[in-house]
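Spelled out from the first residue to the last, the chains are:
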Amino acid sequence: MTPTPRTDAEILRVPSIFDNSYYHVVMADFARQLERDITELNERLIDRQKTLMAALVDLRTATRILTRCRDSAGRVELGLYEDIQNFLHTQP
């Protein structure tokens, strides 16, 4: 299977005026639709990257809190409870 089936389906063969060869062309409307599709996919990709970065920040925060819990086992650490509550209340 070709890697560009949509484009291949739209190709028009136009004879050259200079020799016996042909040019392969597509209509501008089709090219514009492909460009719109690419733009939409890029926007979706950017949104997903932002979501992943936010999740990474949350994961790092949770890891720091858990490390503090492990390190403070058996003793009271001021502010740890508040940090845990703040973290839990800021999650969706």
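Since the model is a prediction, treat every value here as computed from it, not as a measurement.

Novice: Explain the overall build of the protein chain to me, and be specific about the residues and the numbers.
Specialist: Per the secondary structure count, the protein chain includes three helices and two strands. Moving toward the C terminus, one meets the helices and strands of the protein chain in the order α-β-β-α-α. Radius of gyration (C-alpha) of the protein chain: 28 Å, far over the 12 Å computed for a compact globule of 92 residues. In terms of overall dimensions, the protein chain has C-alpha extents of about 90 × 20 × 20 Å along its principal axes. In the protein chain, the proportion of contacts linking residues at least 24 apart, taken out of those at least 6 apart, comes to 20%. Of the accessible surface of the protein chain, which amounts to about 8,200 Å², a share of 61% is contributed by carbon and sulfur atoms. Taken as two groups, the 12 positive and 14 negative side-chain charges of the protein chain have centres that lie 5 Å from each other.

Novice: Can you lay out the pattern of salt bridges for me, pointing to particular residues and giving the numbers?
Specialist: Opposite charge on two side chains makes pairing possible when the charged atoms of those side chains draw close. The final tally for this structure, using the stated rule, is three salt bridges. A salt bridge links Arg-6 to Asp-37; its shortest N-O distance comes to 2.9 Å. Here the residue Arg-6 occupies a position in helix 1 (residues 5-10), and Asp-37 occupies one in helix 2 (residues 28-71), the gap between them amounting to 31 residues. In this structure, Arg-68 engages Asp-83 in a salt bridge whose closest nitrogen and oxygen atoms are separated by 2.4 Å.

Novice: So, a nonpolar patch on the surface: which residues are in play, and what are the values?
Specialist: Judged by side-chain polarity, Leu-12, Val-14, Ile-17, Phe-18, Tyr-23, Val-25 and Met-27 come together as a nonpolar surface patch covering roughly 740 Å² of accessible area. Secondary-structure elements contributing two or more residues to the nonpolar patch are strand 1 (12-15) and strand 2 (22-25). One can find Leu-12 in strand 1. On the accessibility criterion, Leu-12 (37% relative accessible area) is partly exposed.

How each quantity is defined
Residues numbered from 1 in each chain as written. Predicted model: local features only at pLDDT ≥ 70, side-chain atom pairs only at ≥ 80, totals over all residues. Heavy atoms only, no water. Helix = DSSP H or I, 4+ residues; strand = E, 2+ residues; numbered from the N terminus. Rg over C-alpha atoms; globule rule 2.2 N^0.38 Å. Contact = heavy atoms within 4.5 Å. Areas by Shrake-Rupley, 256 points an atom, 1.4 Å probe, with all protein chains shown as cover. Lys, Arg positive; Asp, Glu negative; His and termini not counted. Charge placed at Lys NZ, Arg CZ, Asp CG, Glu CD. Salt bridge = Lys/Arg side-chain N within 4 Å of Asp/Glu carboxyl O. Patch = residues over 30% accessible without salt bridge, like charges linked within 9 Å, V, L, I, M, F, W, Y side chains within 5 Å. Buried < 20%, exposed > 50% of the residue type's maximum accessible area, 1.4 Å probe, protein only.

No statement about biological role is implied by the geometric values presented.
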